[in-house]
Structures are given as C-alpha cells and as structure tokens.
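The chain contents come next:
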Amino acid sequence: RYRDFSGGIKGEWRLGDRDNVEVSYCFDQYDKSDYQALRDIDVRDYRNVQHTTRLLYTHRFAEADMLTVGGDYMRDYLDSYQFSDGPKRQHSGDVFAQYDHNFNQHWEVVAAGRLDYFSDTDNLQFTSKLGVRYRHGDLTIRTGYAGGFRDPSLKERYMRYDMSGIFWIHGNKDLAAENSHTFNASAEYTAGRYNFVVSANHSIVRNKISTSTPLTAADDAAYHYVQYINLENLRVFGVEATAQAKWVMGQGSLLGARLSYCYTHEEVKGSDVNQY
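Here the structure is a predicted model, which means the values were calculated and not measured.

A. Spotlight on the sheet that holds strand β11 (residues 178–191). Here twelve strands make up an open sheet; going across it, the order is β1-β2-β3-β4-β5-β6-β7-β8-β11-β12-β16-β17 and the pairing antiparallel. Whereas interior strands pair on both sides, the edge strands pair on one side only; in this sheet they are β1 (2–15) and β17 (253–269). Direction aside, neighbouring strands of the sheet carry axes that sit 10 degrees apart on average.

So this is what it looks like as structure tokens:
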C-alpha cells in the first residue's frame, strides 16, 4: 500500500510598487506498507516526512533591475526497510541572493550566490552563478558559469538493501558531496520564419556520486553487493545545433520543421564505476 499526504500554505505581501515578500510552508508524508490480507494487518515499513519553509524577498529598481534574497529550511525524517540501523533525521537550510542588472538594451548580467548546510554531514557549501547576455537585433549571445553542489542523500549514506536476491545495495557513510563547475555559451539568430541556435557546455564534476561495479565479499564468494562511491573526476562536454522554421499555410494553419544535432562526450577518471 502506498499513501501520500501533502499540503501547504503561502502568504504574499506587496510592500509598495517595488517590494514583495513571500512566505510558504509545505508538508509531505509518504508511506509504504505491506498489507497481509488473511490477517487483516497493515505493516508500515517505509515513512518519509518532510517539513519545508521558504522566505523570499524581491525588490525592483527603477531601471528594471531586480534583487532577490531568500532562504529555505527543511526537516527530513526517513524510516525505511532499506536501513539496518533505524530511522534517520536531517536538517538542511540555505540562503541565497541574486541580482539582475540591465546595463542598456543590449547587455544584461545576472549574478547569484547560495550557501547550503546539511546537518547529517555537517557540510557547509557556497556556490555561485554568473550569466551575461548580449542582444543586438536578431542576434542573441549568452555565456555563463554556474557552480553546483549536491550533498549525499540519506539513502546513499545508510541504505543496506537486498535486490530480490540478485545483489545487495550498500550505502557509504564516507561519501563526499558533489561539486561541479559548468561553463556554457550559446548564439541564437532569427531571420523571419527561420531560427538557428548553437550552444556548447563543459562541466567539471568532483566527487560525483555513483555506484561501483558488483563486488564480492572477502569472506563469502556468493555475496555480491553494489556500493555508492565518489568518482574522482568526471568531465562532460556537449555541443548542440538546432535549425527550425515555420510557414503560414493559409486560414491560420502553420507548418513547422525542426532539425537538431547533439553531441555529448563523458569522461571518467580514477574510479571503478558502472557504465551508463
């Protein structure tokens, strides 16, 4: 049996023409249980309860610039049959700020920073983002940088689960958080009914969380397991090109065509990892 209970409330206050404050709260509980029909017994073996709150403030400047400041807090409780040592609890929070600035009709810059904290790993991490857009006539050019961060989940740290007798999945309490640096650039040109876009991105990921190839226990050749691990170094490079067009066929009908090509290269070094 699967049950999900969720609900929330949000309040919004307009402080004049340029300031806005938003406060929200969300509750979510997801349960799984085994129903034994002959005995009419419902045995719950999975429970995930999350309380999430958010505070968001925005201010618009006279020059169409915008400042956004906010924060989140979540309490996460997880009790699962996949754990061998009882339920887990985690408190996580973040604060962030973003500023959108228009220099003129051609140039726009977006800068942002975010600070995250996770109690289970006692991890405090700062990430940032910077984006630049140039627009002139039918041509738009964008470039940017984004820092990424992901703390290991409770399942990835504490899971110990039998996959139908095929192998076990083991969590890893020593997992480090993922960190990434992504650079991207794109150019878009529109001429009448035709549109052309070319984009490229390059990501450098440290300590990406993945799974090992099946391992065998040293004291039991029949015992196979897969464990969550950190990849030492992952690089991803991608290029995408798209051309599309639309033609008016009469009586309000449109005919469209689109052609796209995408190339992605992924390279992993320094770890034993499943291919995916």
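B. Quick peek at the side chain of E108. You can see E108 is positioned in strand β6 (residues 107–118). Residue contacts for E108: discarding those within four places in its chain leaves D100, H101, N102, G131, V132 and R133.

C. Spatial organisation of the environment of R114. With respect to the helices and strands, the residue R114 is situated in strand β6. Residue class for R114 comes out partly exposed when judged on its relative accessible area of 32%. A C-alpha to C-alpha distance of 24 Å links R114 and N233, two positions 119 residues apart in sequence. Ignoring anything within four residues of it in the chain, the contact list for R114 reads D94, V95, F96, Q125, F126 and T127. Within polar-contact distance, the side chain of R114 engages the side chain of D116 at 2.9 Å.

D. A look at a nonpolar patch on the surface. There is a patch of nonpolar side chains on the surface, built from V95, L115, Y117, L124 and F126 and spanning about 480 Å² of accessible area. Examined against the element boundaries, V95 turns out to sit in strand β5 (residues 88–102).

E. Layout of unusual backbone geometry. Although it is not a glycine, D122 adopts a positive phi angle of roughly 50 degrees. Residue position: D122 is located in the loop between β6 and β7 (123–136). In this structure, N207 takes a positive phi of about 60 degrees despite not being glycine. Along the chain, N207 turns up in the loop between β12 (194–206) and β13 (208–211). The partly exposed category is assigned to N207, whose relative accessible area is 27%.

F. Summary view of the packing of aromatic side chains. What the rule picks out here adds up to nine aromatic pairs. On the numbers, 6.1 Å between centres and 75 degrees between planes, the contact of Y30 with Y46 is edge-to-face. With a gap of 16 residues between them, Y30 in strand β2 (residues 19–36) and Y46 in strand β3 (residues 41–60) connect regions that are remote in the sequence. Residue classification places Y46 among the buried positions, given a relative accessible area of 7%. Residues F61 and Y99 carry aromatic rings whose centres are separated by 5.8 Å and whose planes lie at 75 degrees to one another, so their mutual orientation is edge-to-face. Here F61, found in the loop between β3 and β4 (66–80), pairs with Y99, found in strand β5; they are 38 residues apart in sequence, far enough to count as distant. Since its relative accessible area comes to 30%, F61 is described here as partly exposed.

G. Seen up close, the environment of K88. Positionally, K88 belongs in strand β5. When its relative accessible area of 13% is taken as the criterion, K88 is described as buried. Taking the C-alpha atoms as reference points, K88 and H101, separated by 13 residues in sequence, lie 43 Å from one another. Contact partners of K88, with chain neighbours within four places excluded, come to D76, Y77, L78, F83, L154 and Y158.

H. Representation of the pattern of salt bridges in the model. Applying the stated criterion across every chain yields a total of 14 salt bridges. When salt bridges that share partners are traced, they join R1, R3 and D42 into one network.

I. Structural context of the confidence of the model for the protein chain. For the protein chain, per-residue confidence averages 90 on the pLDDT scale, and residues scoring 70 or more make up 95% of the total. Across residues 272–276 the pLDDT falls below 50, and counting only partners more than four positions away or on other chains, this stretch makes 17 contacts in the model.

J. Representation of the pairing of β4. Sheet topology note: the β3/β4 ladder contains 15 bridges and is antiparallel. Of the residues in β4, the one forming a bridge with T52 is M74. Connecting the antiparallel pair β3 and β4 is a turn made up of five residues, with A64 showing a positive phi of about 75 degrees. Pairing of β4 with β5, which is carried by 13 bridges, proceeds in the antiparallel orientation.

What counts as what
- Residues numbered from 1 in each chain as written.
- Predicted model: local features only at pLDDT ≥ 70, side-chain atom pairs only at ≥ 80, totals over all residues.
- Heavy atoms only, no water.
- Pairing = 2+ DSSP bridges.
- Helix = DSSP H or I, 4+ residues; strand = E, 2+ residues; numbered from the N terminus.
- Axes fitted to C-alpha atoms, helices over the stretch in contact; angles between N-to-C directions.
- Contact = heavy atoms within 4.5 Å.
- Buried < 20%, exposed > 50% of the residue type's maximum accessible area, 1.4 Å probe, protein only.
- Polar contact = N/O pair within 3.5 Å; in protein donor to acceptor, adjacent residues only side chain to side chain.
- Patch = residues over 30% accessible without salt bridge, like charges linked within 9 Å, V, L, I, M, F, W, Y side chains within 5 Å.
- Areas by Shrake-Rupley, 256 points an atom, 1.4 Å probe, with all protein chains shown as cover.
- Salt bridge = Lys/Arg side-chain N within 4 Å of Asp/Glu carboxyl O.
- Phe/Tyr/Trp six-rings, centres within 6.5 Å; stacked < 30°, edge-to-face > 60°.
- pLDDT = per-residue confidence, 0-100.

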